[in-house]
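Spelled out, the chains give:
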Amino acid sequence: MEEFKLIAKTFQGLEEVLAKELTGLGAKDIAPGRRMVSFTGDKELMYRANFSLRTAIRVLKPIANFKANTADEVYEAVKSIDWNNYLDLNTSFAVDSVVYSEDFKHSKFVAYKVKDAIVDYFREQTGKRPNISVTNPDIKFNMHIAEDNCTLSLDSSGESLHKRGYREATVDSPINEVLAAGMILLTGWHGECDLIDPMCGSGTIAIEAALIARNMAPGIFRKKYAFENWKDFDRELFDHIYNDDSQEKTFEHHIYAYDLDKNAVAVAQRNANAAGVANDITIVAQPIQQFKQPAEKSIMITNPPYGERISSPNLLGLYRTLGDRLKHQFVGNEAWIIGYREETFEQIGLKPSLKIPLFNGSLDCEFRKYQIFDGKLENFRAQGNILKTEEDKERNAAKRKLKPHHDFKQAANYDEEDLESEIPEYIRIRHREFVQNQLRDTRRNRYDDYDKKDDDDKRRNRRGDSRKEYGNYRNEKETDSFKNRDNYSSPRQGQNPYNKDKRNERGSNSFRDRRPYDKDKKAYGNKDKGRRPNRRFNGRNDD
């Protein structure tokens, strides 16, 4: 059977997990990238990839690779393809595109040019055109442009593979099925012990865990795949893959799911019934405060509220309680928690042995591992236990490589080889410039704050010195005044008790105390201004 190149898309952080799944399916030339894994296989492998992969969002089959710098070049390259191999006039199609290029500013414009090229091809050949359906097309194409490298692919999945088909009801902000399965596989759990989710929501983690423990293909619930509408679709081959249950196994342990919300418990039970794993899962309405030590060795995997799309009346208290339950009621086991806020992780009060960066939708999260043991770390290691395995150390090293995407403090020093080669160079340059500007602005603001603080301190010191000097001046003046009381005179007082001679000489009128005596007018005042005599002048002649 002919082999060809295929691309499986996934979430950032799950590339290695997806690569391991493809290895188990027998894929060749596996090459993980950024949010994707490329591989080589035949038609049967493509069918199995869609049917069996738990961490893939969709599987693409490239049909054309070319270089283009303008929309017209894209149009001509697409139009030159023999579209009779993929479409006919009775087939509807749609085109989506992903663009990383300075030459193409708008991804939808690229999609329109590809659509026009396909339509014009059939119009010139037959005088008619195929139908376009955006919502439910028979055939779906994907156009990917990185700088001038263009790849046109057939989408073999159609609807995203995270839509398993068993979810009959939901709650607010349920976790994605692909992410839930990826989290479980990252822990290394395949059904070796009991599994607990104390905040299960709609039960996605518990159901995906049951499917993994029984090795049931996630695609068994799907009603349709896009490749079923292809001209070369092999119905007999796909029926054989669909009906093959030889790899399924029994699950010897059990899964426990709890939630405070009774409505969420009912939804989770309904979904578990639809998935056919209700016998493997016990779902109970129970708050985290009532969590007790499990009788058997267990692993905990949970997705608590983040405080973004859904929250709790006391979010920090919820995480504090979770940490308290782990310390006292989960000893001897390990817990895996995905979270978004550092302050919520701090409330757990435990040091994680592993941190894995993951994306939950658009939220940049971390998936942390906690090894719960009783007593001191030295005693735990003395008993032959291992806190960090070699695999954990390798993951921590890989996590440091991804650190530039999560920590701007060291982003200016990241290695370009850690990025996927398809990301254009100009985008990397812009990212570096942005990060360096962020660092420069941060330092500048910090220095400005220091300068402002110094100025404020100096201003306060100057103000304090001035007040001190003014206070000393007043004290000295008052001291001198009282020392020289005999020469002291107060113009605001009608009589001066400290200078009897001047009082008797000039009288007791306060106005006359402030004005010179005019001998001609026999009055106190300014004769240049013609001030009228004081009516209370006693007629005394100082001559």
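What counts and how
Residues numbered from 1 in each chain as written. Predicted model: local features only at pLDDT ≥ 70, side-chain atom pairs only at ≥ 80, totals over all residues. Heavy atoms only, no water. Helix = DSSP H or I, 4+ residues; strand = E, 2+ residues; numbered from the N terminus. Buried < 20%, exposed > 50% of the residue type's maximum accessible area, 1.4 Å probe, protein only. Contact = heavy atoms within 4.5 Å. Lys, Arg positive; Asp, Glu negative; His and termini not counted. Salt bridge = Lys/Arg side-chain N within 4 Å of Asp/Glu carboxyl O. Polar contact = N/O pair within 3.5 Å; in protein donor to acceptor, adjacent residues only side chain to side chain. Pairing = 2+ DSSP bridges. Axes fitted to C-alpha atoms, helices over the stretch in contact; angles between N-to-C directions. Parallel < 35°, antiparallel > 145°, perpendicular 65-115°, else oblique. Left-handed = near helix turned anticlockwise from the far one by under 90°. Nonpolar A, V, L, I, M, F, W, Y, C, P; charged D, E, K, R; others polar. Arc of directions from axis to C-beta. Core = buried A, V, L, I, M, F, W, Y, C linked by side-chain atoms within 4.5 Å. Phe/Tyr/Trp six-rings, centres within 6.5 Å; stacked < 30°, edge-to-face > 60°. Lys NZ or Arg CZ within 6 Å of the ring centre and 35° of its normal.

## What to know about the overall build of the protein chain
Here comes step 1: Counting secondary structure elements, the protein chain contains 15 helices and 16 strands.
Here comes step 2: Scored against the burial criterion, the 543 residues of the protein chain give a buried share of 45%.
Here comes step 3: Contacts spanning at least 24 positions in sequence make up 72% of the contacts within the protein chain whose residues lie at least 6 apart.

## Quick word on the side chain of aspartate 259
Here comes step 1: Along the chain, the position of aspartate 259 falls in strand 9 (residues 255–259).
Here comes step 2: Among buried charged residues, aspartate 259 stands out as having no salt bridge; its nearest opposite-charge side chain is lysine 262, 12 Å away.
Here comes step 3: In this structure the side chain of aspartate 259 is engaged in a polar contact, spanning 3.4 Å, whose partner is the backbone nitrogen of cysteine 200.
Here comes step 4: A distance of 2.9 Å separates a polar atom in the side chain of aspartate 259 from the backbone nitrogen of aspartate 261.

## Observations regarding the pairing of strand 4 (residues 58–67)
Here comes step 1: The element strand 4 is extensively covered by neighbouring structure, given that eight of its ten residues are classed as buried.
Here comes step 2: Here strand 4 runs beside strand 7 (residues 149–155); their pairing, made up of seven bridges, is antiparallel. Looking across to strand 7, one finds that asparagine 65 is bridged to threonine 151.

## Quick notes on the side chain of threonine 204
Here comes step 1: Tracing the sequence through the fold places threonine 204 in helix 6 (residues 204–214).
Here comes step 2: Once you skip the residues sitting within four places of it in the chain, threonine 204 turns out to touch Tyr166, Arg167, Ile175, Asn176, Glu177 and Ala180.

## Description of the packing of helix 5 (residues 177–187) against helix 6
Here comes step 1: At a minimum axis separation of 9 Å, helix 5 and helix 6 run at an interaxial angle of 60°. It follows from the interaxial angle that helix 5 and helix 6 lie oblique. Crossing of helix 5 over helix 6 shows right-handed handedness. Residue-level contacts link Glu177, Ala180, Ala181, Met183, Ile184 and Leu185 of helix 5 to Thr204, Ile205, Glu208, Ala209 and Ile212 of helix 6.
Here comes step 2: Classifying every residue of the contact of helix 5 with helix 6 gives eight nonpolar, one polar and two charged.

## Points about helix 7 (residues 235–243)
Here comes step 1: Buried residues of helix 7: Leu237, Phe238 and Ile241, and no others. Angular distribution of buried residues about the axis of helix 7 spans 95°; they occupy a single face of the element. Seen from the open side of helix 7, the exposed residues pointing more than 90 degrees away from its buried face are Glu236 and Asn243.
Here comes step 2: Its side-chain oxygen at 3.3 Å from the backbone nitrogen of glutamate 236, aspartate 234 defines the N-terminal cap of helix 7.

## Thoughts on the sheet that holds strand 2 (residues 28–32)
Sheets are built from strands that pair by backbone hydrogen bonding, the pairs being arranged parallel or antiparallel.
Here comes step 1: The strand order 2-3-1-4-7-6-5 describes an open sheet built from seven strands, whose pairing is mixed. Two strands close off the open sheet at either side, each with one partner strand: strand 2 and strand 5 (93–100). Each strand of the sheet is rotated relative to its neighbour by a mean of 25°, with strand direction disregarded.
Here comes step 2: Across three bridges, the pairing between strand 2 and strand 3 (residues 36–41) is antiparallel.

## Observations concerning the sheet that holds strand 14 (residues 363–371)
Here comes step 1: Strand order in the open sheet formed by seven strands is 10-9-8-11-12-14-13, with mixed pairing between adjacent strands. One side of each edge strand has no neighbouring strand; the edge strands of this open sheet are strand 10 (281–285) and strand 13 (354–360). For this sheet, the mean inter-axis angle between neighbouring strands, taken without regard to orientation, is 20°.
Here comes step 2: Two elements, strand 8 (residues 194–197) and strand 9, share three bridges in a ladder whose sense is parallel. Looking at the pairing, leucine 195 lines up with isoleucine 255 of strand 9.
Here comes step 3: Of the strands in this sheet, strand 9 and strand 10 are in contact with helix 8 (residues 262–275), which crosses strand 10 at around 165°.

## A short note on the nonpolar core
Here comes step 1: In terms of nonpolar packing, the biggest core is built from 64 residues, with Met183, Trp189, Ile255, Ile281, Ile301, Leu358 and Phe367 touching the most fellow members.
Here comes step 2: In this view, methionine 183 contacts Ile175, Ile205, Ile301, Thr302, Ile338, Leu358 and Phe367; residues no more than four positions away in its chain are not counted.

## Re the pattern of salt bridges
Here comes step 1: All told, the structure shown has 20 salt bridges when counted by the stated rule.
Here comes step 2: The partner of lysine 28 in a salt bridge is glutamate 3, with the nearest N and O atoms 3.1 Å apart. Taken together, the residues lysine 28 in strand 2 and glutamate 3 in the segment before strand 1 (4–9) connect sequence positions 25 residues apart.
Here comes step 3: On the basis of relative accessibility, which here comes to 43%, the residue lysine 28 falls in the partly exposed class.
Here comes step 4: We note a salt bridge from aspartate 232 to lysine 43, for which the minimum N-O separation is 4.0 Å. With aspartate 232 in the loop between helix 6 and helix 7 and lysine 43 in helix 2 (residues 43–52), this residue pair connects regions lying 189 residues apart in the sequence.
Here comes step 5: A residue is classified by how much of its surface remains accessible, and aspartate 232, at 37% relative accessible area, is partly exposed.
Here comes step 6: The exposure class assigned to lysine 43 is buried, which follows from its relative accessible area of 19%.

## Details of the environment of asparagine 273
Here comes step 1: Tracing the sequence through the fold places asparagine 273 in helix 8.
Here comes step 2: Spatially, the C-alpha atoms of asparagine 273 and arginine 167 are 9.8 Å apart, while their sequence positions differ by 106 residues.

## Considering the packing of aromatic side chains
How two aromatic rings sit relative to each other is given by the distance of their centres and the angle of their planes.
Here comes step 1: Scanning the entire structure with this criterion turns up 20 aromatic pairs.
Here comes step 2: Between phenylalanine 51 and tyrosine 242 the ring centres are 5.5 Å apart and the planes differ by 55°, which places this aromatic pair in the tilted class. Within this pair, whereas phenylalanine 51 is found in helix 2, its partner tyrosine 242 is found in helix 7, the two being separated by 191 residues in sequence.
Here comes step 3: Owing to a relative accessible area of 35%, tyrosine 242 belongs among the partly exposed residues under this scheme.
Here comes step 4: Chaining the aromatic ring pairs together yields one cluster made of Tyr47, Phe51, Tyr225, Phe227, Phe233, Phe238 and Tyr242.
Here comes step 5: Positioned above the aromatic ring of phenylalanine 345 is the side chain of arginine 368, whose terminal nitrogen or guanidinium carbon lies 4.0 Å from the ring centre.

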